[in-house]
Amino acid sequence: MNLKPDGKTRIVIIDDHPLVRERLIELIDREADLEVCGEAEDRSEALELIDQTRPEMAIVDLNLKSSLGIELIKDLQVRNPQLLILVVSMQDEMIYAERCIRAGARGYITKQQASRHVLQAIRKVLAGDLYVSEAVSNQLLSRSIGRPAGADFVLSIALLADRELQVFELIGKGHSTRQIADSLT
């Protein structure tokens, strides 16, 4: 790990909401052994920041200013495979957590969780473990032994490719086919 001389673990925050970034920075910087070394609101800022600061961990939201967090996760895994990634998002964990883990994240927690749970997730990922909620863990285990858990709807959505899910979401938001095509290029 690239620890600073003071021994703190360096973390970057990537989220399109300044208030969320500020709260995460405040939470993390209160910990004696953790330090936020930068923040970004979109993919290009994040890639540049991570190249410059070389943190041990990135906390990533799935909805960024001009891109998708899942695509950023994939890019980061190619460019910095040693970087630990924790997703902190408002998106439904039953739909997105497994996708994020497959893309290279080491954990997934929703923004609805208490601060102490976010810190637990950070520490678990830094220790080299995966972090997901108990519900997601049960879903993954059930699927691995051939018994799909949960509603058929969640299982159907899980079968969509990342790009298909992105199109599905844009349709749900009322975007026209032209808007969808433009946003995907």
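Residues numbered from 1 in each chain as written. Predicted model: local features only at pLDDT ≥ 70, side-chain atom pairs only at ≥ 80, totals over all residues. Heavy atoms only, no water.

## Topic: the overall build of the protein
- Tallying secondary structure elements over the protein gives 9 helices and 5 strands in all.
- Along the protein, helices and strands appear, N-terminal first, in the series β-α-β-α-β-α-β-α-β-α-α-α-α-α.
- In the protein, which comprises 185 residues, the proportion classed as buried is 43%.
- Looking at the protein alone, contacts between residues at least 24 apart form 62% of all its contacts between residues at least 6 apart. (Helix = DSSP H or I, 4+ residues; strand = E, 2+ residues; numbered from the N terminus. Buried < 20%, exposed > 50% of the residue type's maximum accessible area, 1.4 Å probe, protein only. Contact = heavy atoms within 4.5 Å.)

## Here's the deal with the nonpolar core
- By size, the foremost hydrophobic cluster in this structure holds 27 residues, and its most contacted members are I14, L62, L72, I73 and C100.
- Those elements that place two or more of their residues in this core are strand 1 (9-14), helix 2 (43-53), strand 3 (57-60), helix 3 (69-79), strand 4 (84-89) and helix 4 (93-103).
- By residue number, the principal contributor to this core is helix 4, which donates 5 residues.
- Every residue in contact with L72, bar those within four places of it in the chain, is listed here: I14, R43, A46, L47, V60 and L64.
- Counting residues in each nonpolar core, the second largest holds 21 residues, with I25, L119, I122 and V125 among its members. (Core = buried A, V, L, I, M, F, W, Y, C linked by side-chain atoms within 4.5 Å.)

## Some details on the pairing of strand 4
- Counting buried positions along strand 4 yields 6 of 6 residues, so the element is predominantly enclosed.
- A two-sided burial pattern is seen for strand 4, the buried positions comprising L84, L86 and V88 on one face and I85, V87 and S89 on the other.
- Sheet analysis places strand 3 next to strand 4, joined by 4 bridges and oriented parallel. Following the sheet pairing, A58 is matched in strand 4 by I85.
- Running through helix 3, the crossover from strand 3 to the neighbouring parallel element strand 4 is right-handed.
- Pairing geometry for strand 4 and strand 5 (residues 107-110), over 4 bridges, is parallel. (Pairing = 2+ DSSP bridges. Right-handed = clockwise from strand over helix to strand, strands pointing away.)

## A few points about the packing of helix 2 against helix 3
- Relative orientation of the contacting elements helix 2 and helix 3 amounts to 25°, with a least axis distance of 11 Å. The pairing of helix 2 with helix 3 is recorded here as roughly parallel in orientation. Considering how the two elements wind past one another, helix 2 and helix 3 form a crossing that is right-handed. Every residue of helix 3 that contacts helix 2 at R43, A46, L47, I50 and D51 is listed here: L72, D75, L76 and R79.
- Counted by class, the contact of helix 2 with helix 3 contains 5 nonpolar, no polar and 4 charged residues. (Axes fitted to C-alpha atoms, helices over the stretch in contact; angles between N-to-C directions. Parallel < 35°, antiparallel > 145°, perpendicular 65-115°, else oblique. Left-handed = near helix turned anticlockwise from the far one by under 90°. Nonpolar A, V, L, I, M, F, W, Y, C, P; charged D, E, K, R; others polar.)

## Let's talk about the sheet that holds strand 2 (residues 34-40)
- Ordered in space as 2-1-3-4-5, the 5 strands form an open sheet in which the pairing is parallel. In this open sheet, the two edge strands, each paired with only one partner strand, are strand 2 and strand 5. The sheet shows a mean angle of 25° between the axes of neighbouring strands, taken without regard to direction.
- Sheet strands touched by helix 2: strand 1, strand 2 and strand 3. Its angle to strand 2, the strand with the most contacts, is close to 140°.
- Relative to the sheet, helix 4 contacts strand 4 and strand 5, its axis offset from that of strand 5 by approximately 155°.

## Structural notes on helix 4
- Along helix 4, the residues classified as buried are E93, I95, Y96, A97, R99, C100 and A103.
- Note on helix 4: the residue one or two positions beyond its end, G104, has a positive phi of about 130°.

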